[in-house]
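Residue strings, one per chain:
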Amino acid sequence: MKCKNCGKENAEDASFCMECGHDLREDLDFSRTQKIKRDYDYEDEEKIVNNNSINDNSMGLKEKGIVFVFVVIGLIAFSLIFNFGFGKYKIKQLENSARANLEAKNYKEAREKYSQLYEKSSDKKYLDEINKIDKSMESKDLINKANQKFEGRNYESSLAYLKDFESDDEELKSKKDALVEKNYSAIKSEIAQLVANNNFSGAINRLNSYIAVDPENGEFKRMLEDVNSQKENSDKKDEDNSEILKEKARADELEAQIVRLKRVEASSLIDTYQFVTAGKANVRSGPGFDYGIEFTLYKGDSVYVYDTRRANGRTWCNIGNGWISYRTLNGEIK
C-alpha cells in the first residue's frame, strides 16, 4: 500500500506507514473487501513494531499549560480582531446613517449620529461635522425668526437676524438671499409711502435705523440722500409759503383795522351835519351802486346823517330821502 502522506510503499495489510507513521487505515477504500494476512512473517519485527505501534501522545502538565496559554492568547487575539472588525462595521453604518440624515436636512438626527461617532472614535472630523451642523441649525433658526419679523413688518429686526446668518448650506443661503430681497422691497415701499405723505422726517428716521443694521447698503444711503434733498426742497417751499401767508395775514389784519376804523368813523357820522365836497354827488335809493339815482347834490350843499352802512367798500350815509357816498362828503372825490 502506498502512503498518501509521503509516497512510501508499505505492505498491503500495514496499518501505519513505515516511513512516516501515517495511519494508512485512513487511506483504505472501504467500498472494497480487504484481505488481511494474519500470518505475515516480518523480517525486521522491531522496526515494524516501532513504526506501527501507537505512540503515547498524552502530554505532561507543563505541555498542557503551554497549550492553554496559546489557546487563551489565540482567543484574545480573535476577540480583538473580531471586535475591531465589528467596530469598523458599526462605525461605517453610523457614518452612512449620519450622511443620509444630513442630506435629508434632518440636522438633529445627523448631529446625534455624529456625536455617537465622536464618542466611539474621538476623531476630530466628526467634531467638525457636529460644529457645521450646529451652524446650520442656528442659521435655520435665524431664518425662521427673520421671517416672523418680516411678516410682522419689523424689517429692522428681520435684517438684524439675517446679518448674523452663517452657513455653507446652499439651500439655506438661497432662502436667506430671498428673504433679504423681500425686506429690501418692503422697505422701499414703506419709504415711498412716507414720502408721498410728506412725512420726510419719518422716512429719514426709518432709513437711519436700517443703515445702522446694514451700514454697507449703498441703496439705503442713496435713498437717504434723496429723501433729505426732498425734505430740503419741501422745507424751503413751506418757508416761502409761510412768508406769503404771513404777508397775507398782515394785509388781512390791516384791512380789518381799516374796516374797524371805517365803522368807527361811520358810526361817528350819525346825527351830524355834513357838507358836499365833490363837484356834484348822486343821491341813490339805497346804500350801493346797484340802487338807482334819486337826485343830485352839489358842492357846498349840507345834509343831515341819520344812519350809515358799509357797502361796495365804502361808507354810505342815509340823509333821509336817499343814500349818499361818504367819499363825496370827506373830500376824497373832488
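Residues numbered from 1 in each chain as written. Predicted model: local features only at pLDDT ≥ 70, side-chain atom pairs only at ≥ 80, totals over all residues. Heavy atoms only, no water.

Per an unreviewed UniProt entry, the recorded name for the protein is Peptide-binding protein, and the organism is Peptoniphilus porci.

Examining the overall build of the protein
Formally: A helix here means a DSSP run of H or I that spans at least four residues, while a strand means a run of E at least two residues long, and both kinds are numbered starting from the N terminus. Whether two residues are in contact is decided by their heavy atoms, any of which lying within 4.5 Å being enough. Surface exposure here means Shrake-Rupley accessible area, sampled with a 1.4 Å probe, where a residue is shielded only by the protein chains that are shown.
A tally of helices and strands in the protein yields eight helices and seven strands. Looking at the protein alone, contacts between residues at least 24 apart form 48% of all its contacts between residues at least 6 apart. Accessible surface, the protein: about 23200 Å² in total, of which carbon and sulfur atoms supply 50%.

Examining helix α5 (residues 155-163)
The condition that has to hold: Here's how the labels work: a residue is buried when its accessible area is under 20% of the maximum for its type, exposed when over 50%, partly exposed in between, all with a 1.4 Å probe on protein chains only. To be clear, the arc concerns the directions from the helix axis to the C-beta atoms.
Those residues of α5 not exposed but buried are Y155, S158, L159 and L162. Projected down its long axis, α5 carries its buried residues within an arc of 95°, all on one side. Check the buried side of α5 and you find it contacts α4 (124-151), α6 (170-196), α7 (200-213) and α8 (218-269).

Notes on the pattern of salt bridges
Inclusion rule: Between Lys or Arg on one side and Asp or Glu on the other, a salt bridge is scored when a side-chain nitrogen of the former is within 4 Å of a carboxyl oxygen of the latter.
Here the structure, examined in full by the defined rule, presents 17 salt bridges. Two residues, D134 and R111, come together in a salt bridge whose shortest N-O distance is 2.6 Å. Of this pair, D134 sits in helix α4 while R111 is found in helix α3 (residues 107-121), placing the two residues 23 residues apart along the sequence. Among the residues examined, D134 registers a relative accessible area of 28% and is labelled partly exposed. In this structure, E190 engages R206 in a salt bridge whose closest nitrogen and oxygen atoms are separated by 3.6 Å.

Topic: the environment of G292
One can find G292 in the loop between β2 (280-284) and β3 (293-298). Sequence separation between G292 and N282 is 10 residues, and the spatial gap between their C-alpha atoms is 9.4 Å. Each residue touching G292, except ones within four places of it in the same chain, is listed here: V283, R284 and S285.

Describing the nonpolar core
We count it as follows: Among buried residues, those of type Ala, Val, Leu, Ile, Met, Phe, Trp, Tyr and Cys that are joined through side-chain atoms within 4.5 Å constitute a nonpolar core.
The biggest cluster of nonpolar side chains holds 24 residues, and the ones touching the most others in it are I187, I191, F220 and V227. In terms of residue count, the dominant contributor to this core is α6 (eight residues). I191 has contacts with A203, R206, L207, M223 and V227, leaving out every residue within four places of it along the chain.

Concerning the confidence of the model for the protein
Here is the rule: pLDDT measures how confident the predictor is about each residue, on a scale from 0 to 100.
Across the protein, the average pLDDT comes to 83, with 84% of residues at 70 or higher. Across residues 35-43, confidence stays below pLDDT 50; counting only partners more than four residues off in sequence or on other chains, it has four contacts.

A look at the packing of aromatic side chains
Rules: Each Phe, Tyr or Trp ring, with Trp reduced to its six-membered ring, pairs with another whose centre is within 6.5 Å; inter-plane angles below 30 degrees give stacked pairs, above 60 give edge-to-face pairs, and intermediate values give tilted ones.
Under the criterion given, the structure shown has seven aromatic pairs. Following the ring pairs from residue to residue traces out a cluster consisting of Y184, Y210 and F220.

Some details on the environment of G331
Tracing the backbone shows G331 in the segment after β7 (323-325). We classify G331 as partly exposed; its relative accessible area is 22%. Residues G331 and A278, 53 residues apart in the sequence, show an inter-C-alpha distance of 6.7 Å.

Concerning the pairing of strand β4 (residues 302-305)
The line we're drawing: When DSSP finds two or more bridges between two strands, those strands count as paired.
Because side chains alternate across β4, one face comprises the buried residues V303 and V305, and the other comprises S302 and Y304, none of which is buried. Taken together, the four bridges between strand β1 (residues 272-275) and β4 define a ladder with antiparallel strand orientation. If you follow Q274 over to β4, its bridge partner there is V303.

Thoughts on α8
What counts is decided by this rule: Helix span is expected to be 1.5 Å times the residue number reduced by one. Pairing of N or O atoms within 3.5 Å defines a polar contact, subject to two protein rules: one partner must be a possible hydrogen donor and the other a possible acceptor, and residues neighboring in sequence count only if both atoms are side-chain atoms.
For α8, spanning 52 residues, the distance from its first C-alpha to its last is 76 Å, which sits close to the expected 76 Å at 1.5 Å a residue. By the burial criterion, the buried members of α8 are F220, M223, L224, V227, S234, A266 and L269. Capping the start of α8, N217 holds a side-chain oxygen 3.0 Å from the backbone nitrogen of E219, two or three residues further along. Immediately downstream of α8, the backbone of D271 shows phi near 65°, a positive value.

Observations concerning the packing of α5 against α6
The condition is simple: Note on geometry: axes are C-alpha line fits, over the in-contact stretch for helices, and angles between N-to-C directions span 0 to 180 degrees. Should an angle fall under 35 degrees it is taken as roughly parallel, and over 145 as roughly antiparallel, whereas 65 to 115 is taken as roughly perpendicular and any remaining angle as oblique. Crossings are classed by handedness, with left-handed meaning an anticlockwise turn of the near helix from the far one by less than a right angle and right-handed meaning a clockwise turn. Amino acids are sorted into nonpolar (Ala, Val, Leu, Ile, Met, Phe, Trp, Tyr, Cys and Pro), charged (Asp, Glu, Lys and Arg) and polar (every other residue, Gly among them).
Between α5 and α6, the shortest axis-to-axis distance is 10 Å and the interhelical angle comes to 155°. Looking at the two axes, α5 sits roughly antiparallel to α6. The chirality of how α5 crosses α6 is left-handed. Listed contacts from α6 to Y155, S158, L159 and L162 of α5 are K176, L179, V180, N183, Y184, A186, I187 and E190. Its residues assigned to classes, the contact of α5 with α6 comprises eight nonpolar, two polar and two charged.

Some thoughts on the packing of α3 against α4
Relative to each other, α3 and α4 sit at 160°, their axes nearing to 9 Å. Relative to α4, α3 is oriented roughly antiparallel. Between α3 and α4 lies a crossing of left-handed hand. Mapping the contact onto sequence places Y107, K108, A110, R111, Y114, S115, L117, Y118 and S121 in α3 and Y126, L127, E129, I130, I133, D134, S136, M137 and K140 in α4. Split by residue class, the contact of α3 with α4 holds 10 nonpolar, three polar and five charged.

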